[in-house]
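Each chain, letter by letter, is given below.
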Amino acid sequence: MPGGIFQVCLLVITAIVNQPLLFPKENATVPENEEEIIQKMKERQESLRLQQLRWEQEIAGQEAIQKALEKAAGLLEESKERNVQWDMWTAFSMVILLLIELWRQDFQEGNSQDTGGEEDDVAVLGKAFKGVAFPDKAALVSFYEKRILGTTRDMARIREMVEGFADDLLEALRSVCNRDADMEVEDSIGVGSMYENWRVRKPFVCDLIVPFAPPEPYCFRSQTWCSGNSFPPNEQGYGTIKVCRPDEDVTGCICDKTKLGEDMLCLLHSQANTTRPSSEMEDLLCFKNTQYLDADQVMKWFQIAVTKAWNRISHKYEFDLSFSLLDSPGALKIKFRSGKSVAFNITPVVQYENSDVYFISHFPRSGLAADLPSSTHWFLTFAVYERRFIQLVSKTLPVNACHVSCLQILSFLHEKQCSLTGPSGLTNYHLKTVMLHLLQARPSQDWALEKLEARLQDMLKFLEKCLHEKKLYHFFIGNGKVPSELGFPIIFQRAEPLNLFRPFVLRRDIYRKTVDTFHEMLRNMSALINEYTVPTPLAYTNGIHKGSL
């Protein structure tokens, strides 16, 4: 617009300058013919009019261009606003979708172990069950009565004998220990398959845990993976135990974690309290130069103490006692003069706060599990609560319920298959975990004895589904449906579910071997049950699939 005004002004000035009547040139002569002058003026006027029209067209064109530019700028601004709004809606939509996905995963994790009603059976029935001849109820009942019940009648007598000897041994251990310097040992607790009445494999081995505490004035302060601090995935299920004095800060002071320098002192702790002789902490079975309890040192101390205790009472018994396994420090064996023997495991543990959860120094591990992160990391065992849960649920089940029978049959079949094709990543603890999940999911009446066949199929289908997904969650950790009567610590109920099959994700070779063994067990199931129920010809026995043999 300013350019147009300038051009109009220029036009007026040019007209004035070129008007001969107003500014006549010097030495100019007035034309004699007045008509010629008028004609020239008309021509000049016409020329100026055309020029003015041309300029007006140019001005109008520039104004149109300016308006077009302004319109384009407005459209661009509106487009930016729309883009901003679209970006906001896109971001908002992505957040909503992300929240929905997280909710879906949490929902699946919370319900992935739910085995609901009969309508879900088809969903979990995979390829492994196609063409499998499943034994009928009569064959299963006959197999259970002749093969399993006949071999488990001595369990009660073995438990009673082992418990009596263990009590005597621990009493002698207390007498040989220094009450002012050594750990204080409590009474033993029976856990595992022998005390849950489902062990089928011989020899029958009792598992005993022995809680112990430090001498006064020391105490244990424990920390688990779910207590708030971040633990790497390979340390989930573990915890650490710190040996300290009762007046020591639980959270710890920075002076215990940082070198303050020679010319600096902590205002909260005196020099005598912040530094302790290394020998004192090692006497308390701590890892070198730390306050953390060392599982290896605990087992060495316990072995020496057990040896001293046995030497004190050995004259009372007519058998020998020895450590049976080098890789299992708490494995003991009683050898009678007749040649018979009884094995049992006795393992020191540390109580977690005021609960029946225990830190166990050494736990029977399979090839599936990874090694301990370090000797200061202790595995947590919930065996006492598992035994209590089975006892609690059993009170609500029909008489002669089939839950223990299903677990015994499945454990027997798996062990027999492993004897044919070699060990797999599955353990009896995995099988028991499957039973615990089904006990919680199924109504009580579904566990009647006449439903043995259906419940055994449920366990196999559930196990197949877990193997396919590589997910079998620990029954107690992250389970908000644990009965309140058990008094289970709430911190573990609120923790993230612990996947017992996580090693399968990391070790594909073990996973492949485990799946193949499971499929072979399904194919051999009827043959194995028939073989151990009635005498069969050798040719029939050779018909069993032997997998990789």
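Heads up: the structure comes first, above all this text.
Residues numbered from 1 in each chain as written. Predicted model: local features only at pLDDT ≥ 70, side-chain atom pairs only at ≥ 80, totals over all residues. Heavy atoms only, no water.

Draft legend 1. Inspection of the nonpolar core at higher detail. Core analysis: the biggest nonpolar cluster contains 112 residues, and L169, L293, F344, W378, I409, F476 and F492 have the highest contact counts within it. For F344, the contacting residues outside a window of four places in its chain are V162, F165, V205, C206, L208, L321, G330, A331, L332 and I334. Grouped together as the second largest cluster of nonpolar side chains are 9 residues, V191, I209, Y238 and I360 included. (Core = buried A, V, L, I, M, F, W, Y, C linked by side-chain atoms within 4.5 Å. Buried < 20%, exposed > 50% of the residue type's maximum accessible area, 1.4 Å probe, protein only. Contact = heavy atoms within 4.5 Å.)

Draft legend 2. The packing of helix α12 (residues 428-441) against helix α13 (residues 452-469), seen in detail. Between α12 and α13, the shortest axis-to-axis distance is 10 Å and the interhelical angle comes to 110°. By the angle class used here, α12 and α13 are roughly perpendicular. Of the two possible hands of crossing, α12 and α13 adopt the one that is right-handed. On the side of α12, the interface is formed by L431, V434, M435, H437 and L438, while α13 contributes D458, M459, F462 and L463. Within the contact of α12 with α13, the residues separate by chemical class into 7 nonpolar, 1 polar and 1 charged. (Axes fitted to C-alpha atoms, helices over the stretch in contact; angles between N-to-C directions. Helix = DSSP H or I, 4+ residues; strand = E, 2+ residues; numbered from the N terminus. Parallel < 35°, antiparallel > 145°, perpendicular 65-115°, else oblique. Left-handed = near helix turned anticlockwise from the far one by under 90°. Nonpolar A, V, L, I, M, F, W, Y, C, P; charged D, E, K, R; others polar.)

Draft legend 3. Inspection of the environment of D516 at higher detail. Position of D516 among the secondary structure elements: in helix α16 (residues 508-531). Sequence separation of D516 and T421 is 95 residues, and the distance between their C-alpha atoms is 9.3 Å.

Draft legend 4. Representation of the pattern of salt bridges. In this structure the tally under the stated criterion is 15 salt bridges. Put simply, R507 and D509 hold a salt bridge, and the shortest N to O gap is 3.0 Å. The exposure class of D509 is partly exposed, given its relative accessible area of 47%. For the salt bridge of E520 with R523, the shortest nitrogen-to-oxygen distance reads 2.8 Å. Of this pair, E520 and R523 both sit in helix α16, 3 residues apart, roughly one helical turn. Take E520: its relative accessible area is 13%, and that puts it in the buried class. Take R523: its relative accessible area is 44%, and that puts it in the partly exposed class. Taken together, the shared-partner salt bridges connect R442, D446, K451, R455 and D458 into one network. (Salt bridge = Lys/Arg side-chain N within 4 Å of Asp/Glu carboxyl O.)

Draft legend 5. How the structure looks around the packing of aromatic side chains. Applying the stated rule across the entire model yields 27 aromatic pairs. When the ring of Y238 is compared with that of F379, the centres are 5.3 Å apart and the planes differ by 75°; the resulting orientation is edge-to-face. Here F379 lies in strand β10 (residues 378-381) and Y238 lies in strand β5 (residues 238-244), a separation of 141 residues in the sequence. By relative accessible area, which is 4% here, Y238 ends up buried. Ring geometry for F475 and F476: centres 5.0 Å apart, planes at 80°, overall edge-to-face. Accessibility assignment for this pair places F475 and F476 in one class, buried. Following the ring pairs from residue to residue traces out a cluster consisting of W225, Y352, F359, F382, Y385, F389, F475, F476, F488 and F492. Positioned above the aromatic ring of Y195, the side-chain terminus of R159 is 5.9 Å from the ring centre. Across from the ring centre of Y385, 5.7 Å away, lies the NZ or CZ of R388, which sits over that ring. (Phe/Tyr/Trp six-rings, centres within 6.5 Å; stacked < 30°, edge-to-face > 60°. Lys NZ or Arg CZ within 6 Å of the ring centre and 35° of its normal.)

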